[in-house]
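# Close look at the chain arrangement
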Amino acid sequence: SAFQDCSKLVSVSLGKSLKTIGNSAFRGCVKLTGVVIPNNVTTIGNYVFSNCDALTEMIIPSQVTAINHYAFYDCDNLQSITIGKRVTTVGQNAFNSCDKLADVSIGTSVTEIGVCAFEYCKSLTTITIPSKVTSIGSNAFYECSALKEVYCKPTTPPTLGVYNVFSYNASGRK
């Protein structure tokens, strides 16, 4: 929680030798617009960027292996996310309530999309589930009210959570 709730922090330059961004490091930095995650980072902790309302885009570098729980929760203006090629897990509530998130590129190594991972992403219109995904948690895409197209690449259908994985989307299905 190094910079948690620093309400006037606008941008940050992270050192190239950084390997881990710890839990809640930038949580609640509501004016934070610019963060470039160095390529050496392998871990993004829980709640790292949650409630960073001014973030509009994020690129998760290729060395990161997991996007942990609530990492980008409630980032109101996040519009675009690119998930690196080594990420295997998109954690529980990782992008929940990112209202303007419309452009999501999920890395090809992802095997698990956690519970409520993209819940309430109301601007998401299309999602491609990569071929290695074996599990999609309950409510993963719940109330993604603009979601019209889901492309599922796995040859074996992933295990779906018990509740509402794709409920209340633009197709009107529950």
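The structure under discussion appears in the preceding block.
Below is a summary of the structure that appears in this document. Residue positions are given per chain, counting from 1 as you read along its sequence in written order. For a predicted model such as this one, the threshold for reporting local features is a pLDDT of at least 70, and the threshold for listing and counting side-chain atom pairs is 80 or more; totals across whole chains, interfaces and linings nevertheless cover every residue. Processing note: side-chain calculations cover all non-hydrogen atoms of the structure and skip hydrogens and water entirely.

### Considerations on the overall build of the protein chain
Operational definition: For the purposes of this entry, the term helix denotes a DSSP run of H or I that reaches at least four residues, the term strand denotes a run of E that reaches at least two, and both are numbered from the N terminus. In this setup the radius of gyration rests on C-alpha atoms only. A globule is expected at 2.2 Å times the number of residues raised to 0.38. Under this rule, positive means Lys or Arg and negative means Asp or Glu; His and the chain ends count for nothing. Taken as the charge location is NZ of Lys, CZ of Arg, CG of Asp or CD of Glu.
Summing up its helical and strand segments, the protein chain has zero helices and 14 strands in all. In the protein chain, the order of α-helices and β-strands from amino to carboxyl end is β-β-β-β-β-β-β-β-β-β-β-β-β-β. Relative to the 2.2 N^0.38 estimate, which gives 16 Å for 174 residues, the radius of gyration of the protein chain is 15 Å and therefore close to what a compact globule would have. Dimensions of the protein chain along its principal axes, counting C-alpha atoms only, are 40 × 25 × 20 Å. Averaging the coordinates of the 14 positive side-chain charges in the protein chain and doing the same for the 11 negative ones gives two points 7 Å apart.

### A short note on the environment of proline 130
Basically, it comes down to this: Residue contacts are counted whenever heavy atoms from the two residues lie within 4.5 Å of one another.
Position of proline 130 relative to the elements: it lies in the loop between β11 (126-129) and β12 (135-136). On a C-alpha basis, the gap between proline 130 and lysine 153 in space is 5.3 Å, while along the polypeptide they are 23 residues apart. Sequence-distant contacts of proline 130, defined by excluding residues within four places in its chain, comprise Ile106, Gly107, Thr108, Lys153 and Pro154.

### A look at the nonpolar core
The condition that has to hold: We define the nonpolar core as a collection of buried residues of types Ala, Val, Leu, Ile, Met, Phe, Trp, Tyr and Cys that are connected through side-chain atoms lying within 4.5 Å of one another. Relative accessibility decides the category of a residue: with a 1.4 Å probe and only protein chains considered, values under 20% of the type maximum give buried, values over 50% give exposed, and everything between is partly exposed.
Core analysis: the largest hydrophobic core is formed by 49 residues, its most contacted members being Phe26, Phe49, Phe72, Phe95, Ile113, Phe118 and Phe141. Discounting chain neighbours no more than four positions away, the residues touching phenylalanine 118 are Val90, Phe95, Leu101, Val104, Ile106, Ile113, Ala140, Phe141 and Cys144.

### Section: unusual backbone geometry
Phi at cysteine 116 is positive, roughly 60 degrees, even though this residue is not glycine. Of note, cysteine 116 is situated in the loop between β10 (112-113) and β11. Owing to a relative accessible area of 10%, cysteine 116 belongs among the buried residues under this scheme. Of note in this structure, glutamate 143 is not a glycine but carries a positive phi near 60 degrees. Relative to the assigned elements, glutamate 143 resides in the loop between β12 and β13 (149-152). Note on glutamate 143: relative accessible area 23%, which makes it partly exposed.

### With respect to the environment of threonine 108
Checked against the element boundaries, threonine 108 lands in the loop between β9 (103-105) and β10. By relative accessible area, threonine 108 is classed as exposed at 55%. Residues threonine 108 and valine 87, 21 residues apart in the sequence, show an inter-C-alpha distance of 8.1 Å.

### Structural notes on the pairing of β11
The line we're drawing: By the convention used here, strands pair only if DSSP detects at least 2 bridges between them.
In β11, alternate side chains face the same way, and those of Ile127 and Ile129 are buried while those of Thr126 and Thr128 on the opposite face are not. Relative to β13, β11 runs parallel, the two being bridged by four bridges. Its bridge partner being in β13, isoleucine 127 is matched across the sheet by valine 150.

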